[in-house]
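Examination of the molecular architecture
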Amino acid sequence: MEKIVFIQTGFGVDVHGQDITKAAIRAVRHAIFTNSMPGIEAFLPDGDLNNMVVNVKLALPCDAELLDHDAIKAIIPYGTVTVETMAGGMVTTSGIFLADKADKNDLMYIVNASVETGY
């Protein structure tokens, strides 16, 4: 990315089911779904949203090898998207094991996201 124009941050939790992709999707949605970038086209080459570059950085507490990168990329509607993972986030107890919610144990996964937008 030549120039970062906008950075959005968020977090996501999967309370039951221990699904790292679900927590990561929620983190990215938290980061981007309450923002608007009405002037972004003025910064992009040819004023084209498809020339946008989006770097999604995810701090995962575990199961990085199970993350569905394509599911994360599908959340971003325009541009070229990359997904980078690093250690971080949190695993903590949900306080209850619910077999009917696909729990494998009583843990919840918390993921942090940073979404960098530019060109």
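Here, every reference points to the structure presented above.
Analysis parameters
The numbers attached to residues start from 1 for each chain and follow its sequence in the written order. Only residues with pLDDT of 70 or above have their local features reported here, since the model is predicted, and side-chain atom pairs are shown and tallied only from 80 upward, although totals for entire chains, interfaces and linings are computed over all residues. Hydrogens and water are ignored here; the side-chain numbers use all heavy atoms of the structure. Secondary structure elements follow DSSP: runs of H or I no shorter than four residues count as helices, runs of E no shorter than two count as strands, and numbering proceeds from the N terminus. Residue burial is assigned from relative accessible area. The probe radius is 1.4 Å, only protein chains are included, and a residue is buried under 20% of its type maximum, exposed over 50%, and partly exposed in between. Contact criterion: two residues are considered in contact whenever any of their non-hydrogen atoms come within 4.5 Å of each other. Each accessible area is a Shrake-Rupley result for a 1.4 Å probe, and residues are judged covered by the shown protein chains and nothing else. Note on charges: Lys and Arg go in the positive column, Asp and Glu in the negative column, and His and the chain ends are not counted at all. Charge coordinates come from a single atom per side chain, which is NZ of Lys, CZ of Arg, CG of Asp or CD of Glu. Under the convention used throughout, the expected extent of a helix is 1.5 Å for every residue step, that is, one less than its residue count. Whenever a nitrogen or oxygen atom comes within 3.5 Å of another N or O atom, the pair is scored as a polar contact, on the condition that within protein one atom can donate a hydrogen and the other can accept it, and that pairs from neighbouring residues in sequence are kept only if both atoms are in side chains. In this scheme, strands are said to pair when DSSP sees at least two bridges between them. In plain words, nonpolar cores are sets of buried Ala, Val, Leu, Ile, Met, Phe, Trp, Tyr and Cys residues tied together by side-chain atoms within 4.5 Å.

1. A few points about the overall build of the protein chain
Each helix and strand counted, the protein chain has 3 helices and 5 strands in total. Starting at the N terminus, the α and β elements of the protein chain follow one another as β-α-α-β-α-β-β-β. For the protein chain, buried positions account for 36% of its 119 residues. A fraction of 74% describes how many contacts in the protein chain between residues 6 or more apart in sequence connect residues 24 or more apart. For the protein chain, the accessible surface area stands at approximately 6,500 Å², while carbon and sulfur atoms represent 53% of it. If you average the places of the 8 positive and of the 15 negative side-chain charges in the protein chain, the two averages end up 4 Å apart.

2. A look at helix 1 (residues 20–32)
Counted at 1.5 Å a residue, the expected span for helix 1 with its 13 residues is 18 Å, and the 19 Å between its end C-alpha atoms agrees. All buried positions along helix 1 are accounted for by I20, T21, A23, A24, I25, A27, V28, A31 and I32. Here the buried face of helix 1 lies against strand 1 (4–14), strand 2 (53–60), helix 3 (69–73) and strand 5 (107–118). The distance from a side-chain oxygen at the start of helix 1 to the backbone nitrogen of T21 is 2.9 Å, and the residue carrying that oxygen is D19.

3. Concerning the pairing of strand 5
With 10 of its 12 residues buried, strand 5 lies for the most part within the structure. In terms of strand pairing, strand 1 meets strand 5 through 10 bridges, oriented antiparallel. For F6, the partnering residue across the bridge sits in strand 5 and is T117. Relative to strand 5, strand 2 runs antiparallel, the two sharing 7 bridges. Note on strand 5: the bridge partner recorded for V54 is T117.

4. Brief notes about the side chain of D14
On the secondary structure map, D14 appears in strand 1. Within polar-contact distance, the side chain of D14 engages the backbone nitrogen of Q18 at 3.2 Å.

5. A closer look at the nonpolar core
Among the nonpolar cores identified, the biggest contains 25 residues, and V28, V56, L58, L67, I72 and V111 are the most heavily contacted of them. Of all the secondary-structure elements, those providing two or more residues to this core are helix 1, strand 2, strand 3 (80–87) and strand 5. Sequence-distant contacts of L67, defined by excluding residues within four places in its chain, comprise I20, T21, A24, L58, L60, I72, V83 and T85.

6. With respect to the side chain of E116
Locating E116 in the fold gives a position in strand 5. In terms of polar contacts, E116 uses its side chain to reach the side chain of K57, at 3.0 Å. With sequence-adjacent residues up to four places away left out, E116 is seen in contact with M1, I4, F6, I7, V53, V54, N55 and K57.

7. Notes on unusual backbone geometry
One non-glycine residue, Q18, adopts positive backbone phi at about 50°. Residue class for Q18 comes out buried when judged on its relative accessible area of 4%. Not every positive phi belongs to a glycine, and D63 is a case in point at roughly 55°. Along the chain, D63 falls in the loop between strand 2 and helix 3. What makes D63 partly exposed here is its relative accessible area of 22%.

These figures come from the coordinates and say nothing about function on their own.
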